[in-house]
Amino acid sequence: MKVETVEFRGLECRRLSVGGASVTVARFGAHVLSWVPADGRERLFVSEKAATDGSAAIRGGIPVCWPQFSGLGSLPKHGLVRTRVWEPVEAETGDSLAFAIGDDAATRSLWPHGFALALTVTLAPSRLAVGLTVHNTGTDVFRFTGALHTYFAVADIGQVVIDGLEGREYRDAASGNRIVTETHPAVRFSGEVDRVYHDVPGPLLLEDSIGRTRVTGEGFADAVVWNPWATLCAGLPDMAPEGYRRMVCIEATAARVPVEVAPGATWSGRQVLEAL
Ligand code: TA6
């Protein structure tokens, strides 16, 4: 096991290596930028045009979206913490890295609550667990939505298959937020997909020629699947025109029912990624 301070395109990061696997996390956003399991294949997508100067959220990796998922409220899209610098803190175990952030005058001016967040990544040769804990340090109850907005690297989106969603209800953000029931045994991509699948209990399986990855959300009730496809991608300044072909997001999400945290209480959720 080894922990190093490294730079990733100018961002200060911690890199943890365990048994031939590595994970790299930037202090900016506590943003996981790379996960290479022991088979040596990078599993996360980061756009070559991503902003890495702290001026905007990073396009790729694992953005921490909190306390608001997407546009579900009046805060900046995807909340407050993906564009702030977190503090590295001592992890409880040697196979982990941990980062913390709390409220300050700037967050309170937008969202008047006291909070302490911790993001912990725990690495094994073929497995990465990304855990978020939310502690309410204030005197009032608060509610949040959020996501671990994981961008997986894929060889060709046209060949990607996601299993495990058949029969689940989803809100189709690409089609007027219609509520739809998934009838396909597997999700495949031939156009924009932006779906919040509700109450996803079990693991999802992402398959493409880079490999098979099992993706399990815990504590987060919902799972988002997103690919912007060509037209939306062309409008994103931090994506190459064909970038959408090399990524798919599978996000551990709390969206349909906001999570309530009482004063002094702590909520935890995580996303576990397994390279198969
Ligand atoms: O999680 C899916 C989503 O909410 C999409 O609607 C899409 O906008 C995406 O997130 C990326 O958002 P961003 O603010 O990072 O461009």
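What comes next concerns the included structure. (Residues numbered from 1 in each chain as written. Predicted model: local features only at pLDDT ≥ 70, side-chain atom pairs only at ≥ 80, totals over all residues. Heavy atoms only, no water.)

1. Considering the site of the ligand
Phase 1: Every residue near the ligand is listed here: Arg59, Phe69, Ser70, Lys77, His78, Arg82, His149, Asp194, Val224, Trp226 and Glu251.
Phase 2: The side chain of Arg82 places a nitrogen or oxygen atom 2.9 Å from an oxygen atom of the ligand.
Phase 3: Surface burial for the ligand is 85%, taken as the share of its 390 Å² of free accessible area covered by protein chains.
Phase 4: The class makeup of the residues in the shell around the ligand is three nonpolar, three polar and five charged. (Near = heavy atom within 4 Å. Polar contact = N/O pair within 3.5 Å; in protein donor to acceptor, adjacent residues only side chain to side chain. Areas by Shrake-Rupley, 256 points an atom, 1.4 Å probe, with all protein chains shown as cover. Nonpolar A, V, L, I, M, F, W, Y, C, P; charged D, E, K, R; others polar.)

2. Some points on the nonpolar core
Phase 1: Membership of the largest hydrophobic core comes to 78 residues, with the highest contact counts inside it found for Trp66, Trp86, Leu132, Ile162 and Phe189.
Phase 2: For Phe189, the residues in contact, after removing those within four places along its chain, are Ile157, Gly158, Val160, Ile162, Val225, Asn227, Trp229 and Val248.
Phase 3: Judged by nonpolar contacts, the second largest core, of ten residues, contains Val6, Phe8, Phe28 and Val46. (Core = buried A, V, L, I, M, F, W, Y, C linked by side-chain atoms within 4.5 Å. Buried < 20%, exposed > 50% of the residue type's maximum accessible area, 1.4 Å probe, protein only. Contact = heavy atoms within 4.5 Å.)

3. A short note on the sheet that holds strand S1 (residues 2-8)
Note on sheets: strands pair through backbone hydrogen bonds, and any given pair is parallel or antiparallel.
Phase 1: Strand order in this open sheet of four strands is S1-S2-S3-S4, and the pairing throughout is antiparallel. If you trace the sheet from one side to the other, it starts and ends with S1 and strand S4 (31-36), each paired once. Geometrically, the sheet is characterised by an average inter-axis angle of 25° between neighbouring strands, direction not taken into account.
Phase 2: Summarising the sheet, S1 and strand S2 (residues 11-18) pair through seven bridges and their orientation is antiparallel. Bridging from a neighbouring strand, Val6 pairs with Cys13 of S2. (Pairing = 2+ DSSP bridges. Helix = DSSP H or I, 4+ residues; strand = E, 2+ residues; numbered from the N terminus. Axes fitted to C-alpha atoms, helices over the stretch in contact; angles between N-to-C directions.)

4. So, the environment of Leu123
Phase 1: By secondary structure assignment, the location of Leu123 is in strand S8 (residues 115-124).
Phase 2: Remark: the alpha-carbon pair of Leu123 and Leu16, spanning 107 residues in sequence, is separated by 7.8 Å.
Phase 3: Ignoring anything within four residues of it in the chain, the contact list for Leu123 reads Leu16, Ser17, Val18, Ala21, Ser22, Val23, Trp35, Asp95 and Leu128.

5. Some thoughts on the pairing of strand S17 (residues 211-218)
Regular strands place their side chains on alternate faces of the sheet.
Phase 1: Relative to S17, strand S16 (residues 204-208) runs antiparallel, the two being bridged by five bridges. Residue pairing in the sheet places Asp208 in a bridge with Gly211 of S17.
Phase 2: Taking the residues that link successive antiparallel strands as the turn, the S16-S17 hairpin has two residues.
Phase 3: Summarising the sheet, S17 and strand S20 (residues 266-275) pair through six bridges and their orientation is antiparallel.

6. Observations concerning the packing of aromatic side chains
Phase 1: This structure, assessed with the given rule, holds twelve aromatic pairs.
Phase 2: Judged by centre distance (6.4 Å) and plane angle (20°), the ring pair of Phe45 and Tyr151 falls under stacked. Of the two residues, Phe45 sits in the loop between S4 and strand S5 (64-65) while Tyr151 sits in strand S10 (residues 142-153), which places them 106 residues apart along the sequence. Note on accessibility: Phe45 and Tyr151 belong to one class, buried.
Phase 3: Ring centres 5.2 Å apart and planes at 80° place the aromatic pair Trp66 and Trp111 in the edge-to-face group. A residue pair is termed long-range when its members are at least 10 positions apart, and Trp66 in the loop between S5 and strand S6 (87-89) and Trp111 in the loop between helix H1 (105-110) and S8 qualify at 45 residues. Trp111 carries the same exposure label as Trp66, and that label is buried. (Phe/Tyr/Trp six-rings, centres within 6.5 Å; stacked < 30°, edge-to-face > 60°.)

7. So, unusual backbone geometry
For residues that are not glycine, phi is negative in most cases, and the peptide bond is trans in most cases.
Phase 1: Residues Trp66 and Pro67 are joined by a peptide bond in cis, for which omega reads 0°.
Phase 2: With respect to the helices and strands, the residue Pro67 is situated in the loop between S5 and S6.
Phase 3: A positive phi angle, near 45°, is found at Ala30, a position not held by glycine.
Phase 4: Its location among the elements puts Ala30 in the loop between strand S3 (21-26) and S4.
Phase 5: When its relative accessible area of 0% is taken as the criterion, Ala30 is described as buried.

That's the geometry; what it means functionally is another story.
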